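For reference, the chains in residue letters:
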Amino acid sequence: MPSNQHHRQSQRLSTRRLERMHNRTKVFSAILVLCLFLAATAATIEAADNFPNRPMRWIVGREAGGSMERTVRLYEKALEEALGVPQLVECRPGAAMQVGHTLIQTAAPDGYTWGILGMPHLALNHFTQNAPFTIDDFAVLAIVNSDPTLVNAQPETGFKNIGDFIEFAQKNPGKLRIGATSGVSEYAALWTIDKFKLDVAFVRYDGSPGRAAFLGKHIDVYFGAVVSNEELRDFSTAIGVMWPERNVAWPDAPTFDEILKPKYGVESPYLSSMRSLGTTRKILDENPERFQKVYDALYKVHHDPGFKEQVEKAGFTPVLTWVSGEQAMKTLRDYSEFIKTIVVKK
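Keep in mind that this is a model prediction, so the values were computed, not measured.

Novice: Now, about the pattern of salt bridges: what can you tell me, with residues and values included?
Specialist: Close approach of charged atoms allows side chains of opposite charge to pair. This model, assessed by the stated rule, comprises 18 salt bridges. As a salt-bridge pair, E90 and R57 come within 3.2 Å of each other at their nearest N and O atoms. With E90 in strand β2 (residues 87-91) and R57 in strand β1 (residues 56-60), this pair connects stretches of sequence that are 33 residues apart. Look at E90 and you get partly exposed, because its relative accessible area is 24%. Between R73 and E76 there is a salt bridge, with its nearest N and O atoms 2.9 Å apart.

Novice: Provide a residue-level description of empty space enclosed by the protein, including the pertinent values.
Specialist: Inspection of every chain in the model, using the stated rule, returns one cavity of 30 Å³ or more. In this structure, the largest cavity encloses a volume near 50 Å³. Around the largest cavity, the lining residues are T71, L74, Y75, V144, N145, F307, V311, F316, V319 and L320. Mapped by element, the contributors of at least two residues to the lining of the largest cavity are α2 (67-83), β4 (138-153) and α11 (305-314). Element by element, the count of residues in the lining of the largest cavity is highest for α2, at three residues.

Novice: Explain the pairing of strand β5 (residues 177-181) residue by residue, including any values.
Specialist: With respect to burial, β5 is a largely interior element, four of its five residues being buried. With helix α6 (residues 184-195) bridging β5 and its parallel neighbour strand β6 (residues 201-205), the resulting β-α-β unit is right-handed. By the bridge criterion, three bridges tie β5 to strand β7 (residues 221-225) in an arrangement that is parallel. Bridged to I178 within β7 is V221.

Novice: Can you explain the layout of surface pockets? Please cite residues and give values.
Specialist: Here the largest pocket is characterised by a volume of approximately 610 Å³. Surrounding the largest pocket, 28 residues form its lining, D147, V184, A225, S273 and R275 being those nearest its centre. Examining the composition of the lining of the largest pocket, we find that four residues originate from one element, β4, more than from any other. Each residue belonging to the lining of the largest pocket can be placed in one class, and the counts come to ten nonpolar, 13 polar and five charged.

Novice: Which residues make up the environment of A238, and what are the values?
Specialist: Its place among the elements puts A238 in strand β8 (residues 237-241). In the structure, A238 is positioned 78 residues away from K160 in sequence and 7.6 Å away in space, judged by C-alpha atoms. A238 has contacts with L150, V151, N152, K160, W250, D252, A253 and P254, leaving out every residue within four places of it along the chain.

Novice: Outline the side chain of Q98, listing residues and values.
Specialist: Within the element layout of this structure, Q98 appears in helix α3 (residues 98-105). Residue classification places Q98 among the buried residues on the basis of a relative accessible area of 16%. The residues contacting Q98, other than those within four sequence positions of it, are N125, Q129, A131 and F133.

Novice: Give a description of the packing of helix α5 (residues 162-171) against helix α8 (residues 256-264) that names residues and reports values.
Specialist: In the contact formed by α5 and α8, the axes pass within 8 Å of each other and the chain directions differ by 50°. By the angle between their axes, α5 is oblique relative to α8. Counting all contacts with α5, which are made through I162, G163, I166, E167 and Q170, the residues of α8 involved are F256, I259, L260, K263 and Y264. By residue class, the composition of the contact of α5 with α8 is six nonpolar, two polar and two charged.

Novice: Account for helix α7 (residues 208-215), naming residues and giving values.
Specialist: Regarding α7, the residues found buried are G210, R211, A213 and F214. In a view along the axis of α7, the buried residues occupy a sector of 155°, so they form one face of it. Against the buried residues of α7 lie β4, β5, β6 and β7. At the C-terminal side of α7, K217 shows a positive phi close to 65°.

Novice: Break down the packing of α2 against helix α10 (residues 288-302) for me, with residues and values.
Specialist: As a packed pair, α2 and α10 sit with axes 10 Å apart at the nearest point and diverge in direction by 125°. Here α10 runs oblique to α2, going by the angle between their axes. Seen from above, α2 lies across α10 with right-handed handedness. Side by side, α2 and α10 meet where Y75, A78, L79, A82 and L83 of the first sit next to K293, A297, L298, V301 and H302 of the second. Across the contact of α2 with α10, the residue classes tally to eight nonpolar, one polar and one charged.

How each quantity is defined
Residues numbered from 1 in each chain as written. Predicted model: local features only at pLDDT ≥ 70, side-chain atom pairs only at ≥ 80, totals over all residues. Heavy atoms only, no water. Salt bridge = Lys/Arg side-chain N within 4 Å of Asp/Glu carboxyl O. Helix = DSSP H or I, 4+ residues; strand = E, 2+ residues; numbered from the N terminus. Buried < 20%, exposed > 50% of the residue type's maximum accessible area, 1.4 Å probe, protein only. 1 Å grid on protein atoms, 1.4 Å probe; cavity = no way out; pocket = protein on both sides within 12 Å on 5 of 7 lines; lining within 4 Å. Points joined across faces, edges and corners; volume = space filled by probe spheres on them. Right-handed = clockwise from strand over helix to strand, strands pointing away. Pairing = 2+ DSSP bridges. Nonpolar A, V, L, I, M, F, W, Y, C, P; charged D, E, K, R; others polar. Contact = heavy atoms within 4.5 Å. Axes fitted to C-alpha atoms, helices over the stretch in contact; angles between N-to-C directions. Parallel < 35°, antiparallel > 145°, perpendicular 65-115°, else oblique. Arc of directions from axis to C-beta. Left-handed = near helix turned anticlockwise from the far one by under 90°.

Printed below as a string of structure tokens:
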């Protein structure tokens, strides 16, 4: 009997020891899980706080040495200082910028791949080259460079603004000869002719031959661009710029909207060779704080007086601009719609 009692007491003691060991094991496991969770959380927070912690690359869908690469390189050193990591500019030309745009749009949304978005190239990639993306597949930091359409008239025409040109053309069908640089300025001329039902002789030129034709008095009005039409300055009257505000290089040229809105109730499209900086749209869903950090750095750089001096030395002041946020997206969407309704229809 005493032997059985002793056996039962031993069993109870063993059971209690097992229970205590089991409880200690559960506590240890819970502490281990908590530590692992805190470590993972700390690593995530540290990674977010340390962004960026490795080089960032900027894709340019044009050849090295061109104006698009030069635009990105204007920001290169200042962004390195602002963000604390190297900014690597990588030219990836091909298919009218579609190669570069594709690399930007399909990049990992981690904030380490950015690039320059060209318009109207991006819209043309989609509408005429069947690219599987539109402007809404990108997250745009800002439109930073714009070379808008500029219209110059022969001084003897007496035209002071785009309204004078339209009014004369409507009253004198077939009298005027109009020229335009192929591409954006051509689209601007065709929009004007179509919108106001003008009967004019129209000739499309590939750049400099059009300006030579104007200087030779073979055409009366020329649709070019702010930068390229500089050679016409002393031999013409600038009668309109297709942008929301007057251009610093041509302050006497009214915007289209200044004239067309009050006179005809017509709002002009903003037709320009636009360069935006941005990345894949996915970053706004997965890493919005990284997008904001790069935006803040870019804004600070762009608006710094020292940067403005650098831009002036590079000769980019006439095309320097800043349109960001929803206004930038609206401008780019409107441009895309213009390409769709006017150029594709054509």
